[in-house]
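For reference, the chains in residue letters:
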Amino acid sequence: MDIISQLQEQVNTIALLALNTFGTLQRDAPPVRLSPNYPEPTTKLSEETINIAEHPKAMSAALVEAAKKFDALVSALPLSGEEAQLKKIAELQAENEAVGLELEKQLKAAEQELKQVQELFHQAADNCLNLKKPY
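Residues numbered from 1 in each chain as written. Predicted model: local features only at pLDDT ≥ 70, side-chain atom pairs only at ≥ 80, totals over all residues. Heavy atoms only, no water.

### Some points on the overall build of the protein chain
Part 1 of the argument: When helices and strands are counted, the protein chain shows four helices and zero strands.
Part 2 of the argument: Counting from the amino terminus, helix and strand elements in the protein chain follow one another as α-α-α-α.
Part 3 of the argument: The buried share among the 135 residues of the protein chain stands at 7%.
Part 4 of the argument: Across the protein chain, contacts joining residues at least 24 apart in sequence account for 81% of those joining residues at least 6 apart. (Helix = DSSP H or I, 4+ residues; strand = E, 2+ residues; numbered from the N terminus. Buried < 20%, exposed > 50% of the residue type's maximum accessible area, 1.4 Å probe, protein only. Contact = heavy atoms within 4.5 Å.)

### A word on the packing of helix 1 (residues 3-28) against helix 3 (residues 54-75)
Part 1 of the argument: One way to put it is that helix 1 packs onto helix 3 with a least axis distance of 9 Å and a crossing angle of 165 degrees. In terms of their interaxial angle, helix 1 and helix 3 are classed as roughly antiparallel. Crossing hand, helix 1 versus helix 3: left-handed.
Part 2 of the argument: For the contact of helix 1 with helix 3, the residue count by class is 16 nonpolar, seven polar and two charged. (Axes fitted to C-alpha atoms, helices over the stretch in contact; angles between N-to-C directions. Parallel < 35°, antiparallel > 145°, perpendicular 65-115°, else oblique. Left-handed = near helix turned anticlockwise from the far one by under 90°. Nonpolar A, V, L, I, M, F, W, Y, C, P; charged D, E, K, R; others polar.)

### Some remarks on the UniProt feature "coiled-coil region" (unreviewed entry) in the protein chain
Part 1 of the argument: Per the UniProt entry, the sites bearing "coiled-coil region" (unreviewed entry) are residues 89-127 in this numbering.
Part 2 of the argument: Helix makes up 100% of residues 89-127 and strand makes up 0%, while its end C-alpha atoms are separated by 56 Å. (UniProt positions renumbered as here; feature names shortened; annotations may be inferred.)

### Focus on the confidence of the model for the protein chain
Part 1 of the argument: Of the residues in the protein chain, 89% reach a pLDDT of 70 or more, and the chain-wide mean stands at 85.
Part 2 of the argument: For the protein chain, the element scoring lowest by mean pLDDT is helix 2 (residues 47-50), at 58; helix 4 (residues 82-131) scores highest, at 92. (pLDDT = per-residue confidence, 0-100.)

Written out as structure tokens, the structure reads:
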């Protein structure tokens, strides 16, 4: 897999981890009194609710690890100036042109071969029709 695809995959991983982290924090957050005008929330804290402090730590560690991998991939990108990039583009365009010409030659040869096969098929069909005896 090339480095750009790896970077895209890592961005997707970071987005997924962030989404899961925020969703889990929102889902597991204990009720909070929004205003002094509202009564105190009346939900009992279960053991699962009490242990939610470990989830954000694990999720944030995974998010930090994914960010570090992303940074490592970015630092592995080749550094080149605009001139080097333009030279590479010109080389790729020349290669593309050469491959295009080769493909055109192969296409013409294939079309010629198709015409020959069709001609032979027509001759064979005509010969078969001429060999049939009338009833």
